[in-house]
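Structural features, examined
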Amino acid sequence: MGIKKAALWSEADVGLWLAEEGMQEYTEPLRHMDGRALLQLSQADFQRPPLSRITSDGGRHLLEKIKTLNIEHHIEAHKNGLTNGHVVISHNGDASASSKTKRNGMVNGYNKELVRIPIPEPIGPQFPTEWGKTGIAFLYAICCFVFTTIMISIVHERVPPKEVTPPLPDKFFDFFDRVEWAFSVCEINGMILVILWILQWSLMKHRSIVARRFLFIVGTLYLYRCITMYITTLPVPGKHFQCSPKLYGDWESQMRRVMKMIAGGGLTITGSHNMCGDYLYSGHTVMLTLTYLFMKEYSPRRFWWYHWGCGALCAVGVFCILLAHDHYTIDVVIAYFITTRLFWWYHTMANQPDLKVASQSNFLSRVWWYWFFQYLERNVRDVIPRSYQIPFSWQSLHWGHMKYSRIDSD
Amino acid sequence: MAASKFPKSGDSNSHISSANHIEVTVADRPHPQDTPDNGRQCNDRPSRFSRSFAKILRKNQDYLQITISEPKLEQLPAEWWKTGVVFLWALLNLFLTTVMITVVHERVPDKSVSPPLPDKFFDFVSRKDWAFRVTEVNGMLLVTAWFLQWLFLKHKSIIGRRFFFLLGTLYLYRMVTMYITTLPVPSDHMNCAPKLEDDHLGRIHRIMQLFFGGGLSITGSHMMCGDFLYSGHTVMLTVTFLFIREYSPSSWYWTVYHLICWVLSAVGVVCILVAHEHYSIDVVVAYFVTTRLFWWYHTLANNQSLLDSPHNYLNKVWWRYFFRFMERNVRAVVPCVFSWPISLPRASFKIPCRRYSKVQIVREE
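Residues numbered from 1 in each chain as written. Chains lettered and ligands numbered in written order. Predicted model: local features only at pLDDT ≥ 70, side-chain atom pairs only at ≥ 80, totals over all residues. Heavy atoms only, no water.

As a further point, take the overall build of chain B. Within chain B one finds 12 helices and 2 strands. Of the regular secondary structure in chain B, the N- to C-terminal order runs β-α-β-α-α-α-α-α-α-α-α-α-α-α. Each of the 365 residues in chain B was classed as buried or not, and the buried ones make up 52%. By sequence separation, contacts in chain B at least 24 residues apart represent 78% of the contacts at least 6 residues apart. (Helix = DSSP H or I, 4+ residues; strand = E, 2+ residues; numbered from the N terminus. Buried < 20%, exposed > 50% of the residue type's maximum accessible area, 1.4 Å probe, protein only. Contact = heavy atoms within 4.5 Å.)

In structure tokens form, the structure reads like this:
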């Protein structure tokens, strides 16, 4: 109906149009009007019968519609050659102001009835890998680890000896006596969890982004740990501790000690960690909790047995830290608190586009690491789906279908 | 061709302004009064109008202003009983903290057995006598300022609820951290009251004294040791400042006020350390926990849509049910509006606090 120019309408067309517009009451008095006559209706016509009897608003409504028809008519009439100079056409700048529609209104192939709303296409892929950013996060994590190790070495010099300051009273230690083998259990659990996590990570589709997140969070947690370790030094939690002797000012030996610790991953099992003083807060708890949180977060929901298994490993590991009297209870509690809060904070910000913008109601953006977070997550546009793939493509073997498990990602 | 101005008609506020754009306003209101003339048309007006409106849209429209009328439900109900419940929560936690301090006091190792732990701040700054008094005076000033400000806020109930909840939770956390591991006294100057082994009456007396003295040393109520991790003074200073800043306007004069409060708060916190009354770790942990909890809570409160989102991890905190109870009926961001505490006739004035004055005016109507 609208395709045909209004000026060419017949009486029937006019009637049809009126009915379409919901103005059936005018069909009767205007039945002898064709398109051209319709376009020439004016206010005055509505003040005379028969139209004055029919209309309820002085014909404003209909005149309005006719006006828009007129505009179209103008557009159609001046379709040849005239560009934006035309007054009527120039304000055709609706929200979808593409350059095509500025020229003479309707372009060939455009149905006048339809509205074209160009949705801005996302620039680039939804989950760009951006290994560069992951590299920076990796460097950040490494820096924090090295810094922590150096800090442990420094703090070790300041730990008051067992004789001077005995272990502080701790509620857990009052209930549970020390168990020798407990700390090995904790460290084994930790290693299992880390290995599982690395395996899981290598099978993920969006490795880069997940790695970035893990490295950033781990780095920040260790950075916080540096600070808390340094400002106040707690005494050793148990008499069983064999702290290596202090090296007053002997930088070379201290460096060697630091290297040894880094190489051993900070674990007592590897024999690299015989320095004291790094109690508040517990790094073991951080690793156990964080790996568990990540594993749970980036694995399919239906693998409940996997989640429960890892959760058990984590809980047992943390319990064993305390059982071994290797950390105070406060160390473990604070480590758990900070790890979970930071993890949830980061992921809430990453998954909600509203919260990626610093605004007055977005209190989450007031953390000091917000700009770093923006840098890392700026181009990640959506919640990362839990999809997996084999890290290298097996072109020759077609039996193993790729686990692009879209079903898994809920 | 210039269009003439059409005045509003019936229930459809459509008017076509002159010049080069069409502005269409749709008011989603219930059906208007039926007049004899319009009676027939009122029923099918909306549908007819919406169709023609859609057509006008297609033709040449610049922008569209849609004013949705305010829903009938009240956006920010007072619900004082909820505030009462939360106040009881805070009171309970404060009381339990006092009890816990007395319990922990018995377990603090003696200065001779466990000397003060090495602390970086104490290495640099030696102790000053008058510093702790400064802290407590600052704290009292801030609390008074916040109380006065709160008194003049319009949505006292909701804001008071939030304050009490945060305070209660922070003191609950403090109870836990104080209890599980007991730190020795930070400095040799501290004279801890003697331990009362089995003297329950004496303990109760101490609890009462501490509770009613507000836990301040100035009032002479706090001579017990052991409540070091984490620092309650820091919590009060930080939380009052955060609330003062959050619920006050951001004009120039108020910025000066914020600055003063910030200075009071910062100086108070630093003086705690200068007075060697707490370890640095106590202050740092207290600051961290307070700010995180405050921001977490307010993000949840101001973005209620987050509660239903599946990817919202903020919901995983243990106090989410408590949060729902408190904020279920708060449907909008609490605006910063002041009014007289006792409503005199025609006495409530409204100061638009934020600079979004246009929105404020619309909301106020």
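Checked against the element boundaries, Lys82(B) lands in helix α2 (residues 80-105). What Lys82(B) contacts, discounting residues up to four positions off in sequence, is Arg161(B), Phe325(B), Met326(B) and Asn329(B).

With that out of the way, let us pick up helix α5 (residues 156-180) of chain B. With 25 residues, α5(B) should cover 36 Å at 1.5 Å per step; its first-to-last C-alpha distance of 36 Å lies within 8% of that length. When you tally the buried positions in α5(B), you get 21 out of 25 residues, the bulk of the element. (Expected span 1.5 Å × (residues − 1).)

Membership of the largest hydrophobic core comes to 165 residues, with the highest contact counts inside it found for Ile217(A), Phe294(A), Met349(A), Trp369(A), Trp146(B), Phe165(B) and Trp319(B). Setting aside residues up to four positions removed in sequence, Trp369(A) forms contacts with Phe216(A), Thr220(A), Tyr224(A), Leu342(A), Trp345(A), Tyr346(A) and Met349(A). (Core = buried A, V, L, I, M, F, W, Y, C linked by side-chain atoms within 4.5 Å.)

Moving on: the environment of Thr240(B). Residue and element names in this part refer to chain B. With respect to the helices, strands and loops of the structure, Thr240 is situated in helix α7 (residues 232-246). Assessed through its relative accessible area of 1%, Thr240 is described here as buried. Put simply, Thr240 and Gly139 are 101 residues apart on the chain and 8.6 Å apart in space, counted from C-alpha to C-alpha. Among the polar contacts made by the side chain of Thr240, one reaches the main-chain carbonyl oxygen of Leu237 at a distance of 3.1 Å. (Polar contact = N/O pair within 3.5 Å; in protein donor to acceptor, adjacent residues only side chain to side chain.)

It is worth spelling out the side chain of Glu136(B) at this point. Residue and element names in this part refer to chain B. Inspection of the secondary structure assignment puts Glu136 in helix α4 (residues 131-152). Buried and without a salt bridge, Glu136 has Arg133 as its closest oppositely charged side chain, separated by 7.8 Å. Contacts of Glu136, omitting those with residues within four sequence positions, involve Gly215, Leu216, Ser217, Ile218 and His233. (Lys, Arg positive; Asp, Glu negative; His and termini not counted. Salt bridge = Lys/Arg side-chain N within 4 Å of Asp/Glu carboxyl O.)

It is worth spelling out the state of the cysteines at this point. All names here are of chain A. Under the definition given, this model contains 2 disulfides over all chains. In this model Cys243 forms its disulfide with Cys276; the gap between the sulfur atoms is 1.8 Å. The sign of the -105° torsion about the S-S bond sets the Cys243-Cys276 disulfide as left-handed. Of this pair, Cys243 sits in the loop between α10 (207-231) and α11 (251-264) while Cys276 sits in the loop between α11 and α12 (283-297), and the two are 33 residues apart along the sequence. For Cys276, a relative accessible area of 2% corresponds to the buried category. (Disulfide = S-S within 2.5 Å.)

Our next topic: a nonpolar patch on the surface. Residue and element names in this part refer to chain A. A cluster of nonpolar side chains, contributed by Ile188, Met191, Ile192, Ile195, Leu199 and Ile269, occupies part of the molecular surface with about 510 Å² of accessible area. The residue Ile195 is located in helix α9 (residues 182-202) in this model. On the basis of relative accessible area, Ile195 is assigned to the exposed category, the value being 52%. (Patch = residues over 30% accessible without salt bridge, like charges linked within 9 Å, V, L, I, M, F, W, Y side chains within 5 Å. Areas by Shrake-Rupley, 256 points an atom, 1.4 Å probe, with all protein chains shown as cover.)

Before going further, it helps to spend a moment on the interface of chain A and chain B. Each partner contributes residues to the interface: chain A has 66 residues there, and chain B has 65 residues. For the pair chain A and chain B, the number of links is 2 salt bridges. A salt bridge links Asp174(A) to Arg107(B); the nearest nitrogen and oxygen atoms lie 3.2 Å apart. Among the elements of the structure, α4 (60-77), α8 (171-175), α10 and α14 (329-351) of chain A are those that each provide at least two residues to the side of chain A that touches chain B.

So, on to the confidence of the model for chain A. All names here are of chain A. Confidence along chain A averages 80 in pLDDT terms, with 84% of residues attaining 70 or more. Here residues 81-103 is a poorly scored stretch, pLDDT under 50, and it has 31 contacts once near neighbours within four places are set aside; other chains count. Segment residues 396-400 is flagged for pLDDT under 50; beyond a separation of four residues in sequence, or across chains, it makes 1 contact in the model. (pLDDT = per-residue confidence, 0-100.)

All right, on to the environment of Lys171(A) then. You can see Lys171(A) is positioned in helix α8. On the basis of relative accessible area, Lys171(A) is assigned to the buried category, the value being 17%. Along the chain, Lys171(A) and His327(A) lie 156 residues apart, while their C-alpha atoms are 12 Å from each other. In contact with Lys171(A), not counting residues within four places along its chain, are Arg107(B), Tyr179(B) and Ile180(B).

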